[in-house]
Amino acid sequence: MIYIAYYFFSIIPIIIAYRFRKYTVSDYHYNKRLKWQRRIMLVFHYIALVIQVIIACKLERIVRSNQDYGPLLLSACIFLIIYPFPISWLESPKEYLKKKKKWK
């Protein structure tokens, strides 16, 4: 049950950030609700990142007492490498780019 909860709360922020990746700066500028959702998701991502750091730092003590939690250390390290990407998607939304028409 601990593994299911851990992976659920570790993967959900990445999926949610991918949803926010499609929005542009102008979308956030004109939609106040979307702007607040983005802020809440940033806080949620930073909390998830802190939890991953705590697990990565403190898990050595836990693994010594119970060997079943060994794979969590590897997972925490992988999520520490992955999390900066979704956070950057939320912190700096993409600019709207107009496609230039080709001259014939």
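What counts and how
Residues numbered from 1 in each chain as written. Predicted model: local features only at pLDDT ≥ 70, side-chain atom pairs only at ≥ 80, totals over all residues. Heavy atoms only, no water. Helix = DSSP H or I, 4+ residues; strand = E, 2+ residues; numbered from the N terminus. Buried < 20%, exposed > 50% of the residue type's maximum accessible area, 1.4 Å probe, protein only. Contact = heavy atoms within 4.5 Å. Areas by Shrake-Rupley, 256 points an atom, 1.4 Å probe, with all protein chains shown as cover. Arc of directions from axis to C-beta. Axes fitted to C-alpha atoms, helices over the stretch in contact; angles between N-to-C directions. Parallel < 35°, antiparallel > 145°, perpendicular 65-115°, else oblique.

A. Layout of the overall build of the protein chain. Within the protein chain, the secondary structure is distributed over 5 helices and 0 strands. Within the protein chain, buried positions represent 28% of all 104 residues. Of all intrachain contacts in the protein chain linking residues separated by at least 6 positions in sequence, the fraction that spans at least 24 positions is 77%. Roughly 8300 Å² of accessible area belongs to the protein chain as shown, and the carbon and sulfur atoms make up 67% of that amount.

B. Structural context of helix 4 (residues 70-82). Among the residues making up helix 4, those that are buried are Leu-72, Ser-75, Ala-76 and Phe-79. Along the axis of helix 4, the buried positions cluster into a sector of 105°, meaning they face one direction only. Away from its buried face, by an angle of more than 90 degrees, helix 4 presents the exposed residues Leu-74 and Ile-81.

C. Layout of the environment of Glu-95. Relative to the elements of secondary structure, Glu-95 occurs in the segment after helix 5 (84-91). Owing to a relative accessible area of 56%, Glu-95 belongs among the exposed residues under this scheme. The spatial distance from the C-alpha of Glu-95 to the C-alpha of Ser-26 is 7.9 Å, given a sequence separation of 69 residues.

D. How the structure looks around the packing of helix 4 against helix 5. The interhelical angle for the contact between helix 4 and helix 5, taken along N-to-C directions, is 30°, at an axis separation of 5 Å. For the element pair helix 4 / helix 5, the angle class is roughly parallel. Residues Leu-80, Ile-81 and Ile-82 of helix 4 lie in contact with helix 5, whose contacting residues are Pro-84, Phe-85 and Pro-86.

Any functional reading would require information beyond the geometric quantities listed.
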